[in-house]
Amino acid sequence: MKTFFKALGNVFKKPVTTKYPFEQTYKPDDYRGLIGFEESLCIWCRRCEAVCPPGAIVFSQDMEGKQTYHYNRAVCIYCTECVRACPKEGAIFQTAEPAPCALKEENINNGWNKLFAEAIESRELYAAEKKKKAAEKAAADKAAAVAKKAAEEGNKEG
Ligand code: SF4
Ligand code: SF4
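Being a predicted model, the structure only gives us computed values, none of them experimental.

## So, the site of ligand 2
Taken together, 13 residues lie around ligand 2, and Cys-42, Cys-45, Arg-46, Cys-48 and Cys-86 are the ones closest in. Across the shell around ligand 2, the residue classes break down as 11 nonpolar, no polar and 2 charged.

Here is the structure:
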């Protein structure tokens, strides 16, 4: 009888379930959502990339040295290691925004692997170019110093 009345009472109670995805489910205050990035505060140290366990962050670099931040919400495991490692408060931060589902059409993993490899390659190219320019400058400086010394010695003899 007790069970019967309990069941009857439940008929008039609000459902405990929510109409997800049409209604948002309960979100705790410390919910770990998407990682945000504020370019104006970033000092481009790439510590966030270095500590990210699954490789959800990568920086590419153009030939002028300018870096670009890339983040993959589907690879991210929402551990917040990047935020903890960042020396500039607010440059990278945790939001409470839930990550949207990765869609098949986005080809998100293959696309990310390609982008990641290209980003690393872009940095290597920039580093190689920088090294080449530094070597050329050192050679030019050395040649100029030798020429200057020769000119000074020529002047003395004259
Ligand atoms: S929260 Fe964790 S997994 Fe996500 S980008 Fe930051 S370090 Fe990487
Ligand atoms: S750790 Fe912070 S400052 Fe360094 S590159 Fe990442 S977001 Fe920028």
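## What to know about empty space enclosed by the protein
The tally for this structure, following the rule as stated, stands at 2 cavities of 30 Å³ or more. Approximately 100 Å³ is the volume found for the largest cavity. In terms of lining residues, the largest cavity is bounded by 14 residues, among which Cys-42, Cys-45, Cys-48, Cys-86 and Ala-91 are the most central. Class assignment for the residues of the lining of the largest cavity results in 11 nonpolar, no polar and 3 charged. By volume, the second largest cavity is sized at about 70 Å³. In this structure, the second largest cavity is lined by 14 residues; those nearest its centre are Cys-52, Ala-56, Cys-76, Cys-79 and Cys-82. Across the lining of the second largest cavity, the residue classes break down as 12 nonpolar, 1 polar and 1 charged.

## A look at the nonpolar core
Side chains that are nonpolar tend, in soluble globular proteins, to be buried together. Ranked by size, the top nonpolar core spans 16 residues in total, and within it Ile-35, Cys-48, Ile-57, Tyr-69, Cys-82 and Ile-92 carry the most contacts. Contributions of two or more residues to this core are made by strand E2 (57-61) and helix H4 (108-157). Among the elements that line this core, the one with the most residues is E2, at 3 residues. Leaving out residues up to four positions away in the same chain, Tyr-69 has contacts with Ile-35, Phe-37, Trp-44, Ile-57, Val-58, Phe-59 and Ile-92.

## Let's talk about the pattern of salt bridges
Taken as a whole and assessed by the stated rule, the structure comprises 6 salt bridges. For Glu-39, the salt bridge identified is with Lys-66, shortest N-O distance 3.6 Å. Of the two residues, Glu-39 is situated in the loop between strand E1 (35-37) and helix H2 (47-51) and Lys-66 in the loop between E2 and strand E3 (67-71); the sequence distance between them amounts to 27 residues. Residue class for Glu-39 comes out partly exposed when judged on its relative accessible area of 43%. With a relative accessible area of 46%, Lys-66 lands in the partly exposed category.

Conventions we followed
- Residues numbered from 1 in each chain as written.
- Chains lettered and ligands numbered in written order.
- Predicted model: local features only at pLDDT ≥ 70, side-chain atom pairs only at ≥ 80, totals over all residues.
- Heavy atoms only, no water.
- Near = heavy atom within 4 Å.
- Nonpolar A, V, L, I, M, F, W, Y, C, P; charged D, E, K, R; others polar.
- 1 Å grid on protein atoms, 1.4 Å probe; cavity = no way out; pocket = protein on both sides within 12 Å on 5 of 7 lines; lining within 4 Å.
- Points joined across faces, edges and corners; volume = space filled by probe spheres on them.
- Core = buried A, V, L, I, M, F, W, Y, C linked by side-chain atoms within 4.5 Å.
- Buried < 20%, exposed > 50% of the residue type's maximum accessible area, 1.4 Å probe, protein only.
- Helix = DSSP H or I, 4+ residues; strand = E, 2+ residues; numbered from the N terminus.
- Contact = heavy atoms within 4.5 Å.
- Salt bridge = Lys/Arg side-chain N within 4 Å of Asp/Glu carboxyl O.

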